[in-house]
Amino acid sequence: WFSRDGAIMALKIMGIGLIVGFLLLVGLFAYFRKDLPNLRDISGNNIGGSIRYYDRTGATLLWEDYDAVKRIPVKETEINKFVRDATVAVEDKDFFKHGGFDVKGITRAGVNNIVGGSSQQGGSTITQQLVKLTQNWTKDRSYTRKAKELILSVELERSYSKQEILTGYLNTAPYGNVQYGVEAATRDYFQKSAKDLTLDEAAFLAAIPKAPSYYSPYGAYYKNYPDETKPALIGRQHYVLKLMQEQGMITKKQMEDAKKVDTIAKVKEPQAKYAGWLSNFQRGRRFRILKIWHQIGYMSKM
């Protein structure tokens, strides 16, 4: 192996190995791609959404009709930069560098899955998470699904800009039991629009998608926790702020100031579905109902 002939042989073997590996990769891609859909729509409309009813002025919300999903898609310009940065910081710090998947993340997850036994780690990028959400693959943890997810993630990156993908994710990500998308979550928890979020609120929301039901501020745990105990959600919120500071998105002073804010105290009590309708009815107010469908196709590419 250390002679001239040995070195030539080693190069030949490496060349043959690369060719075989490439052909194997192409074969696997073709095998899994044949049954996959064309991913043309990342608006998240397949998840569902809310129907909002207003009075005759169009300014007063009477009630919001929904079943298992509250979702209000909004454009990129209507989402605060803090929550965009917070999401990238905690979910996928190399989002603007990779092409749909993170080799290091997949490798790390694979090693942990082998060492840890049956428990599986995702290593998913924001692009991969958007694929899972739009294809309703969130409960499928098979390796076959993972291969399909990688293929669609690469195609997604070729079809959409990074900002479109990030906006698509923020419009579909789970932020609680029925809250999907950052706008619906912001309106429920803080009674404001996503474009008006403060830094502490943005980090608070970015902390939720990892375990939406557990981290939801409407869960009983967060309404009854002892004052001397720092709840898990706040601990994760501070972790998000730390990541943002380490990645140069905010200053150390901004981080420290945001950590001092009691964000849970700012969370509004959940409203009944027909609360607005009942209160107006009880006051004897006359109104004309305007039915507004919040299903926008600005991200669909046909």
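Throughout what follows, the structure given in this document is the object of discussion. Throughout, residues of each chain are indexed from 1 in the direction in which the sequence is written. In view of the model being predicted, local features appear only for residues whose pLDDT reaches at least 70, and side-chain atom pairs are presented and counted only at 80 or more, with totals across whole chains, interfaces and linings using the full set of residues. Only heavy atoms go into the side-chain values, all of them from the structure, while hydrogens and water stay out.

1. Focus on helix 6 (residues 162–170)
Just so we agree on the cut-off: Accessibility here uses a 1.4 Å probe with only protein chains present; expressed as a share of the type maximum, an area under 20% marks a residue as buried, one over 50% as exposed, and anything in between as partly exposed. To qualify as a helix, a DSSP run of H or I must reach at least 4 residues; to qualify as a strand, a run of E must reach at least 2; elements of each kind are numbered from the N terminus.
Helix 6 sits mainly inside the fold: seven of its nine residues count as buried. Taken as a whole, helix 6 has its buried residues at K162, I165, L166, T167, G168, Y169 and L170.

2. Examining the environment of S161
On the secondary structure map, S161 appears in the loop between helix 5 (143–159) and helix 6. By relative accessible area, S161 is classed as partly exposed at 36%.

3. Description of the nonpolar core
Selection criterion: By convention a nonpolar core is built from buried Ala, Val, Leu, Ile, Met, Phe, Trp, Tyr and Cys residues, the set being connected through side-chain atoms within 4.5 Å. When checking whether two residues touch, look at their non-hydrogen atoms; a contact exists if any pair is within 4.5 Å.
Core analysis: the largest hydrophobic core is formed by 47 residues, its most contacted members being V182 and L205. If you list the elements that add at least two residues to this core, you get helix 2 (81–91), helix 4 (126–134), helix 5, helix 6, helix 7 (182–190), helix 8 (199–206), helix 11 (232–246) and helix 12 (252–259). Setting aside anything within four residues of it in sequence, one finds V182 in contact with I79, V83, L170, Y175, A194, L197 and L205.

4. Here we look at unusual backbone geometry
Backbone geometry places Q191, a non-glycine residue, at a positive phi of 55°. Position of Q191 among the secondary structure elements: in the loop between helix 7 and helix 8.

5. Overview of helix 4
Within helix 4, nine of the nine residues are buried, leaving the element largely enclosed by the surrounding structure. Every buried residue of helix 4 is listed here: I126, T127, Q128, Q129, L130, V131, K132, L133 and T134.

6. Topic: the side chain of T127
What counts, and what does not: Between N or O atoms, a polar contact is any pair within 3.5 Å; within protein, one atom must be a potential hydrogen donor and the other a potential acceptor, and residues adjacent in sequence are included only when both atoms are from side chains.
For T127, the location among the structural elements is in helix 4. On the basis of relative accessibility, which here comes to 0%, the residue T127 falls in the buried class. In terms of polar contacts, T127 uses its side chain to reach the side chain of E157, at 2.6 Å. Apart from the residues lying within four places of it in its own chain, the contact partners of T127 are F95, H98, G100, S153, L156, E157 and I165.

7. So, the packing of aromatic side chains
For any pair of aromatic rings, the description rests on two quantities: the centre-to-centre distance and the angle between the ring planes. Our working rule: Ring pairs shown here join Phe, Tyr and Trp side chains whose ring centres sit within 6.5 Å, with only the six-membered ring taken for Trp; geometry is labelled stacked below 30 degrees between planes, edge-to-face above 60, and tilted in between.
A complete count under the given rule lists four aromatic pairs for this structure. Note on F190 and F204: the rings are 5.8 Å apart at their centroids and 65° apart in plane angle, and the pair reads as edge-to-face. One end of the pair, F190, is in helix 7; the other, F204, is in helix 8, and 14 residues separate them in sequence. The class of F190 is buried, set by a relative accessible area of 5%. F204 gets classed as buried once you look at its relative accessible area, which sits at 0%.

8. Some details on the pattern of salt bridges
Should the charged atoms of two oppositely charged side chains come close, the side chains can pair. The cut-off we apply is this: A carboxyl oxygen of Asp or Glu within 4 Å of a side-chain nitrogen of Lys or Arg is what we treat as a salt bridge.
Applying the stated rule across the entire model yields 11 salt bridges. K97 serves as the salt-bridge partner of D94, at 3.9 Å between the closest nitrogen and oxygen. Here K97 falls in the exposed class, since its relative accessible area comes to 71%. One salt bridge in this structure joins K242 and E246, with 2.4 Å as the shortest N-O distance. With K242 and E246 both in helix 11 and four residues apart, this pair spans about one turn of that helix. One network of salt bridges, with partners in common, ties together K192, D200, E201 and K266.

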